[in-house]
Amino acid sequence: MRPTGKLHLGHLVGALSNWVSLQDEYQCVFGIVDWHALMGEYEDSSRIQENILEMAIDWMACGIDPEKSIIFVQSAVPEHLELHMFFSCFTPLGWLERNPTYKEQLREIKTRDLHTYGFLGYPVLQAADILLYKAQAVPIGEDQLPHIELTREISRKFNHLYKAEVFKDCKAILTKNPRLLGLDGRKMSKSYDNAINLSDPQEVVEKKISSMITDPQRARLTDPGHPEVCNVFSYYQVFAPLKEAEVCSWCTKAKKGCTECKKILSQEIMTRLAPIQEKREKLSQDKKRIVEILQQGSKKARAIAIETIKEVRQKVFGSYEL
Ligand code: SF4
């Protein structure tokens, strides 16, 4: 995950909840990928380090456990760049230019110039992030599927070129939760300023929810609504699934207005966020400890990475360690 700012509800339902449960099933390696953050924030990198610490705090507050999993910082493991370089030598430009997320970001993000050599190649670095640990599976959202496909293409091409079996295909583990849209109905993202952050206090959550667009056909309180077209309802489906039928009933029978419906939703969201915020607060008081956890995690990650790179170098350059 890129440390580009505060984590939001989209991260919680789209990634973190899934990661937390995967910890009991797999040996997990979670990377805070600061090189990827720098690709977008090269003009002002002053917040990246603070964002790394905040991200580690958010992860742990949500239940990522450094005793069970490796939590590391990408730039502390230089082998990511080395593997990226090996892959860059043979990845055709066409594979990168057709990447739908790349095209979408160039179209949507106007505040930064992303027409750079580094940004075009970010999926190659992602492939290195995954393959360096010989990951068997990667937990992702559906929009990331093309990246996994590209990772497979890169690993197969490496094996083919160097007549090796260094890398195996990795599979995607898709999040079970439906995708949570942003407050304005677009993808939830800090760049679009349409997110509810995990650290937002109650009054901010209420204000943000109250700004959401509801069923456009429900102009008056007495008009029956259509929950299936309302973004507020889709939030209920994620955060209060047991209330779904009740919301449907008060909406379609015009028993409650949108303002009240949104207030109740804010309370449901705060019930989910309160324990996370409490843990967050505690963790934030000892930043030194957070740094230590990241250093230890990066050390463990590097031990795995060094072994993979040894193998890769041998296959590409030969067996002398020059
Ligand atoms: S009552 Fe709730 S679900 Fe129905 S349109 Fe209003 S906000 Fe949406």
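Scroll up a little and you will see the structure.
Residues numbered from 1 in each chain as written. Predicted model: local features only at pLDDT ≥ 70, side-chain atom pairs only at ≥ 80, totals over all residues. Heavy atoms only, no water.

Draft legend 1. Seen up close, the overall build of the chain. Helix and strand counts for the chain stand at 14 helices and four strands. Over its C-alpha trace the chain gives a radius of gyration of 22 Å, about what one expects of a compact globule, namely 20 Å for 322 residues. Counting only C-alpha atoms, the chain reaches 80 × 45 × 40 Å along its principal axes. When contacts within the chain are restricted to residue pairs at least 6 apart in sequence, long-range pairs at least 24 apart make up 76% of them. As displayed, the chain has an accessible area near 17100 Å², and 53% of this comes from carbon and sulfur atoms. For the chain, the centre of its 44 positive side-chain charges and the centre of its 43 negative side-chain charges are spaced 2 Å apart. (Helix = DSSP H or I, 4+ residues; strand = E, 2+ residues; numbered from the N terminus. Rg over C-alpha atoms; globule rule 2.2 N^0.38 Å. Contact = heavy atoms within 4.5 Å. Areas by Shrake-Rupley, 256 points an atom, 1.4 Å probe, with all protein chains shown as cover. Lys, Arg positive; Asp, Glu negative; His and termini not counted. Charge placed at Lys NZ, Arg CZ, Asp CG, Glu CD.)

Draft legend 2. Fine view of the packing of helix 1 (residues 9-22) against helix 13 (residues 258-284). Axis separation between helix 1 and helix 13 bottoms out at 12 Å; the angle between their running directions is 70 degrees. Considering their axes alone, helix 1 and helix 13 lie roughly perpendicular with respect to each other. Remark: the crossing between helix 1 and helix 13 carries left-handed chirality. Listed contacts from helix 13 to L9, L12 and S17 of helix 1 are I269, R272, L273 and I276. Taken together, the residues of the contact of helix 1 with helix 13 sort by class into five nonpolar, one polar and one charged. (Axes fitted to C-alpha atoms, helices over the stretch in contact; angles between N-to-C directions. Parallel < 35°, antiparallel > 145°, perpendicular 65-115°, else oblique. Left-handed = near helix turned anticlockwise from the far one by under 90°. Nonpolar A, V, L, I, M, F, W, Y, C, P; charged D, E, K, R; others polar.)

Draft legend 3. Up close: unusual backbone geometry. Even without glycine at this site, K134 takes up a positive phi of about 50 degrees. One non-glycine residue, D193, lies in positive phi territory at about 55 degrees. Examined against the element boundaries, D193 turns out to sit in the loop between strand 4 (171-174) and helix 10 (202-210). For D193, a relative accessible area of 72% puts it in the exposed group. (Buried < 20%, exposed > 50% of the residue type's maximum accessible area, 1.4 Å probe, protein only.)

Draft legend 4. Local environment of the site of the ligand. What surrounds the ligand is the set T214, D215, R218, C230, V232, C251, C258 and C261. Among the residues forming the shell around the ligand, the class breakdown is five nonpolar, one polar and two charged. (Near = heavy atom within 4 Å.)

Draft legend 5. Spotlight on the nonpolar core. Among the nonpolar cores identified, the biggest contains 58 residues, and L9, L16, W59, Y235, Y236, I269 and L294 are the most heavily contacted of them. Among the elements that line this core, the one with the most residues is helix 3 (residues 48-62), at 10 residues. The contact partners of W59, leaving out residues within four places of it in the chain, are M1, L7, L16, W19, F30, G31, I32, I64 and I71. Of all hydrophobic cores here, the second largest spans 34 residues; its members include V77, F119, L150 and A305. (Core = buried A, V, L, I, M, F, W, Y, C linked by side-chain atoms within 4.5 Å.)

Draft legend 6. Representation of helix 2 (residues 34-41). With six of eight residues buried, helix 2 lies mostly within the body of the structure. Within helix 2 the residues assigned to the buried category are D34, H36, A37, M39, G40 and E41. Elements in contact with the buried residues of helix 2: strand 1 (29-32), helix 3, strand 2 (70-73), helix 7 (117-120) and helix 8 (122-131).

Draft legend 7. Examining the pattern of salt bridges more closely. Enumeration according to the criterion identifies 20 salt bridges in this entry. K68 is the partner of D24 in a salt bridge, and the nearest nitrogen-oxygen pair spans 3.0 Å. Of this pair, D24 sits in the loop between helix 1 and strand 1 while K68 sits in the loop between helix 3 and strand 2, and the two are 44 residues apart along the sequence. Residue class for D24 comes out exposed when judged on its relative accessible area of 60%. In this structure, R186 and D184 form a salt bridge, with 3.2 Å as the shortest nitrogen-oxygen distance. On the basis of relative accessibility, which here comes to 35%, the residue R186 falls in the partly exposed class. (Salt bridge = Lys/Arg side-chain N within 4 Å of Asp/Glu carboxyl O.)

Draft legend 8. Geometry of the packing of aromatic side chains. Enumeration over the complete set of coordinates arrives at 15 aromatic pairs. Aromatic side chains F158 and Y162 sit 4.9 Å apart centroid to centroid with 50 degrees between the ring planes, which places their arrangement in the tilted category. According to the relative accessible area criterion, F158 is buried, its value standing at 0%. On the accessibility criterion, Y162 (26% relative accessible area) is partly exposed. In this structure an aromatic cluster arises from ring pairing among F87, F90, F158, Y162 and F167. The aromatic ring of W95 is capped on one face by K157, whose charged end is 5.5 Å from the ring centroid. (Phe/Tyr/Trp six-rings, centres within 6.5 Å; stacked < 30°, edge-to-face > 60°. Lys NZ or Arg CZ within 6 Å of the ring centre and 35° of its normal.)

Draft legend 9. Fine view of the side chain of R280. If you trace the backbone, R280 turns up in helix 13. Leave out the neighbours within four places in its chain, and R280 touches E54, I57, D58, A61 and S199.

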